[in-house]
Amino acid sequence: MPEGHTLHRLARLHQRRFGGAPVAVSSPQGRFAADVVDGRVLQRTSAWGKHLFHHYAGGPIVHVHLGLYGAFTEWATPRGADGAALPEAVGQVRMRMVGGGYGTDLRGPTVCEVIDEGQVSDVLARLGPDPLRADADPSWAWARITKSRRPIGALLMDQTVIAGVGNVYRNELLFRHGIDPLRPGRGIGEAEFDAMWTDLVALMKVGLRRGKIIVVRPEHDHGPPSYLPGRPRTYVYRRPGEACRVCGGPIGTAVLEGRNLFWCPACQK
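Since this is a predicted model, take the numbers as computed values, not measurements.

**Observations concerning the packing of aromatic side chains**
With the rule as written, the count across this model stands at five aromatic pairs. For the ring pair Y227 and Y237, a centre distance of 5.1 Å and an interplane angle of 85 degrees mean the geometry is edge-to-face. One end of the pair, Y227, is in the loop between α6 (190-210) and β9 (252-256); the other, Y237, is in the loop between α6 and β9, with 10 residues separating them in the sequence. You can call Y237 buried: its relative accessible area is 10%. Linked through ring pairs, W142, F193 and W197 together constitute an aromatic cluster.

Shown next as structure tokens:
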């Protein structure tokens, strides 16, 4: 599942490519009310956690949540070519946007719908602070964590506590701070939380800028390759049984609230 920095990158990309001009919006799959926004000016884009919003002139807003399988495919259209043929919509394209010499196809989202400002407020009311937003209030998340008996490894993935954190950031952040993922939230000290929040903001800003998650410190950036081709190294994520990059002990794994958990039992006591 894409993590929060991916949605913020998409918001910036779509604003740069489509913002300030009319956009041709269609639904080749036929499961999205594209006619409500087709031909309208895209005024601005925004993201909160794993939610993307396209704000169109006149009030309608397209709300997208990619979920586990959703993805945008970006492509260029011939500039100045009247009547130029667009690429064929391959697969189940839920939403297609074309304008300014560019196009994008959305496939497989959990949510793709037209809503209004009141409904946007309803979505945001269910979300915790987003580390990538300037208006984020970490004290709200801390208040939830310090009162909870749930494991911190579960709380970090709870979008009502902190919005935008996925499985990679969850596992890697806890390793970087030497915190056992099964420790109850109320067992986390305020100084520990402050350090984690500051680090999370910095890591997600790197992800936003670079377009990929980078979590391993330079002094530990060695040893076995990343868990997938073309991906940066991780400390623990998807490395069960492999040697810890810091202590050399085996990386452990378990399932916590339906998601795979990875940690170093020696470094995260």
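**Side note on the sheet that holds strand β6 (residues 93-99)**
Across the sheet, four strands lie side by side as β1-β6-β7-β5; this open sheet has antiparallel pairing. What marks the edges here is a single partner per strand, and that holds for β1 (24-26) and β5 (71-76). Strand-to-strand twist of the sheet, defined as the mean angle between neighbouring strand axes without regard to direction, takes the value 15 degrees. As defined by bridge partners, β5 adjoins strand β7 (residues 102-107) across six bridges and the pair is classed as antiparallel. In the strand pairing of β7, A76 is matched with Y102. Packed onto the sheet, helix α1 (residues 4-18) meets β5, β6 and β7 and runs at close to 30 degrees relative to β5.

**Some words on the domain arrangement of the protein**
Domain boundaries assigned for the protein yield domain 1 (4-126) and domain 2 (138-263). For domain 1 and domain 2, the distance between their C-alpha centres works out to 30 Å. Each partner contributes to the roughly 850 Å² buried at the junction of domain 1 and domain 2, and carbon and sulfur atoms together form 62% of this total. Among the residues domain 1 hides against domain 2, the three largest losses belong to H5, R9 and K50. Together they make up 58% of the total. Here domain 1 is connected to domain 2 by zero salt bridges. At the boundary of domain 1 with domain 2, the tally comes to three residue pairs in polar contact (both at pLDDT 80 or more). The element contributing the most residues to the side of domain 1 that touches domain 2 is α1, with five residues. Split by residue class, the side of domain 1 that touches domain 2 holds one nonpolar, four polar and four charged.

**Re the nonpolar core**
Where a protein is soluble and globular, its nonpolar side chains tend to be buried together. I152, I162, Y169, I188, F193 and L200 are the most contacted members of the largest nonpolar core, which has 35 residues in total. Where this core is concerned, the elements lending two or more residues are α3 (138-146), α4 (152-155), α5 (167-176) and α6. The element best represented in this core is α6, accounting for eight residues. Dropping the residues within four chain positions of it, I162 is found in contact with G128, P129, P131, A141, L156, W197 and L200. Among the nonpolar cores identified, the runner-up in size contains 21 residues, and V25, V64, L66 and M97 belong to it.

The rules behind each value
Residues numbered from 1 in each chain as written. Predicted model: local features only at pLDDT ≥ 70, side-chain atom pairs only at ≥ 80, totals over all residues. Heavy atoms only, no water. Phe/Tyr/Trp six-rings, centres within 6.5 Å; stacked < 30°, edge-to-face > 60°. Helix = DSSP H or I, 4+ residues; strand = E, 2+ residues; numbered from the N terminus. Buried < 20%, exposed > 50% of the residue type's maximum accessible area, 1.4 Å probe, protein only. Pairing = 2+ DSSP bridges. Axes fitted to C-alpha atoms, helices over the stretch in contact; angles between N-to-C directions. Contact = heavy atoms within 4.5 Å. Domains from an automatic or database assignment. Buried area = accessible area lost by both parts, 1.4 Å probe. Salt bridge = Lys/Arg side-chain N within 4 Å of Asp/Glu carboxyl O. Polar contact = N/O pair within 3.5 Å; in protein donor to acceptor, adjacent residues only side chain to side chain. Nonpolar A, V, L, I, M, F, W, Y, C, P; charged D, E, K, R; others polar. Core = buried A, V, L, I, M, F, W, Y, C linked by side-chain atoms within 4.5 Å.

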